[in-house]
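# Results of the structural survey
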Amino acid sequence: MKTTTWQSPSNIALVKYWGKKENQIPANPSISFSLNNALTTTTISAEIKENRNAISIEFFFENEKNDAFAIKIISFLEKVASEFTWLKSYHLTINSSNTFPHSSGIASSASAFSALALGLCTLHEEIMEIKLPNFYQTASYWARVGSGSACRSVYGGYNLWGKTSLLAHSSDEYAVNIDDQIHPNFKTFNDTILIIEKGKKAVSSTQGHALLKEHPFAQMRYNIANENTGKLLSILKNGEMNDFIKIVESEALMLHALMMTSPTPFILVKPNTLAVIEKIWDFRNQTHSELLFTLDAGANVHLLNSDKDNEQVQQFVQNELIGYCQNDLYFCNAIGKGPLKI
Ligand code: PMV
């Protein structure tokens, strides 16, 4: 019996991945940072078995057997079995838990698939008695197969996924860490996730990506996302906060504008999402604090600010924003250091 445990973070995209080609290849590059508190811990135990022809797993989420998740994981394992040739010879017991509130609308697929991919890479090394030459890059590659954005979660700090001529070692198949390109102004950043609506999203990101295929603005979006990647890379280097705010907020609004204007339109923001955005803009105009927002594919608002403004921003959350959150729920994060083998 071989056992491994990895804890891996979720990440928040600053330039968004929205739209993909075959095999989870992104239609444009994206940039994110990893979070420090939104984490998935996954233990995988592998036990050799008699029947070596099929994948067999048992999956527990927070100590309860969960067959719905098991189906998704089996489909992922079938895709990676060509690389992890031992997979069909072992029975896997997988136990997973999240640090963030269950069904809070915080995306868990990035932390879940990165933890799973890291665990598989560790088991691969142990069972095959080899050393993977680029452990994290390999984990990023396989995490991508599970959920695109998960490939950016196998490292801490800032990460870029997608081939761009602006970064020599970038790739569509895995993410790369760009911490060596970050100005001190952006080294510490806080992300307060305001839970506007808990629960499952009306449209999954898989469906969302698919809708881009027939979207009249798709090509324009990919061009802008490429441009924004270039702009954000220079902003992250030169430390210019006002330019950072412009790009990051525009990326968030464009993501939701694409949803609203797709051939089958859908709306994931809620009235309270928009109310919070208005509040953030008013507060920024009045106080000149450097705070901004971004959005995931959901109604929750990610409020971003650097450390120097954090006390003022946390007061603002308490005084003015908490009332827009479902059950007053919000979740404080900062830039995280990345996955941890436990
Ligand atoms: O990795 P997926 O398929 O869940 O897509 C993630 C899409 C966004 O969160 C909206 C953007 C991103 O780059 O993370």
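Residues numbered from 1 in each chain as written. Predicted model: local features only at pLDDT ≥ 70, side-chain atom pairs only at ≥ 80, totals over all residues. Heavy atoms only, no water.

## Digging into the domain arrangement of the chain
You can read the domains of the chain as domain 1 (2–180) and domain 2 (188–334). On a C-alpha basis, the centroid separation for the pair domain 1 and domain 2 is 24 Å. Taken together, both faces of the contact between domain 1 and domain 2 bury some 3100 Å²; the carbon and sulfur share is 70%. For domain 1, the biggest contributors to the area lost against domain 2 are Leu 14, Lys 16 and Trp 18; these three give 27% of the whole. Taken together, the links from domain 1 to domain 2 amount to zero salt bridges. Contributing elements (two or more residues each) for the side of domain 1 that touches domain 2: strand S1 (2–15), strand S4 (30–48) and strand S8 (158–161). Top element by residues in the side of domain 1 that touches domain 2 is S4. It accounts for seven residues. Its residues assigned to classes, the side of domain 1 that touches domain 2 shows 20 nonpolar, nine polar and two charged. (Domains from an automatic or database assignment. Buried area = accessible area lost by both parts, 1.4 Å probe. Salt bridge = Lys/Arg side-chain N within 4 Å of Asp/Glu carboxyl O. Helix = DSSP H or I, 4+ residues; strand = E, 2+ residues; numbered from the N terminus. Nonpolar A, V, L, I, M, F, W, Y, C, P; charged D, E, K, R; others polar.)

## Some details on the layout of surface pockets
Here the second largest pocket is characterised by a volume of approximately 180 Å³. Along its surface, the second largest pocket is lined by 14 residues, and Gly 157, Lys 187, Thr 188, Ile 335 and Gly 336 are the ones closest to its centre. Of the residues in the lining of the second largest pocket, the class split is five nonpolar, five polar and four charged. Two domains each donate at least three residues to the lining of the second largest pocket, and these are domain 1 (2–180) and domain 2 (188–334). (1 Å grid on protein atoms, 1.4 Å probe; cavity = no way out; pocket = protein on both sides within 12 Å on 5 of 7 lines; lining within 4 Å. Points joined across faces, edges and corners; volume = space filled by probe spheres on them.)

## Considerations on the packing of helix H1 (residues 67–80) against helix H2 (residues 109–128)
Orientation of H1 relative to H2, taken along the N-to-C sense of each, is 45 degrees, at an axis distance of 12 Å. The orientation of H1 with respect to H2, classified from their angle, is oblique. Judged by the sense of rotation from one axis to the other, the crossing of H1 with H2 is right-handed. On H2, the residues touching Ile 73, Phe 76, Leu 77 and Val 80 of H1 are Phe 113, Leu 116 and Leu 120. Taken together, the residues that form the contact of H1 with H2 break down as seven nonpolar, no polar and no charged. (Axes fitted to C-alpha atoms, helices over the stretch in contact; angles between N-to-C directions. Parallel < 35°, antiparallel > 145°, perpendicular 65-115°, else oblique. Left-handed = near helix turned anticlockwise from the far one by under 90°. Contact = heavy atoms within 4.5 Å.)

## A look at empty space enclosed by the protein
Unfilled space is identified by rolling a water-sized probe across the atoms. Summed over all chains, the structure comprises one cavity of 30 Å³ or more. By volume, the largest cavity amounts to about 70 Å³. Taken together, Ser 10, Asn 11, Leu 35, Gly 105, Ile 106, Ala 107, Ile 193, Asp 296, Asn 300 and His 302 make up the full set of residues lining the largest cavity. When the residues that make up the lining of the largest cavity are grouped by side-chain class, the tally is four nonpolar, five polar and one charged. Formed jointly, the lining of the largest cavity draws a minimum of three residues from each of two domains, domain 1 (2–180) and domain 2 (188–334).

## Observations regarding the state of the cysteines
Disulfide: a covalent bond connecting the sulfur atoms of a pair of cysteines. For the coordinates displayed, the defined rule picks out zero disulfides. With no disulfide of its own, Cys 151 has Cys 121 as its nearest cysteine by sulfur position, at a separation of 13 Å. A relative accessible area of 0% means that Cys 151 is categorised as buried. Unpaired in terms of disulfides, Cys 332 finds its nearest cysteine sulfur in Cys 325, a separation of 10 Å. With a relative accessible area of 35%, Cys 332 lands in the partly exposed category. (Disulfide = S-S within 2.5 Å. Buried < 20%, exposed > 50% of the residue type's maximum accessible area, 1.4 Å probe, protein only.)

## Some details on the environment of Asn 66
Along the chain, Asn 66 turns up in the loop between strand S6 (64–65) and H1. Asn 66 gets classed as partly exposed once you look at its relative accessible area, which sits at 21%. On a C-alpha basis, the gap between Asn 66 and Asn 95 in space is 9.9 Å, while along the polypeptide they are 29 residues apart. Excluding its chain neighbours within four sequence positions, the residues that come into contact with Asn 66 are Phe 59, Phe 60 and Phe 61.

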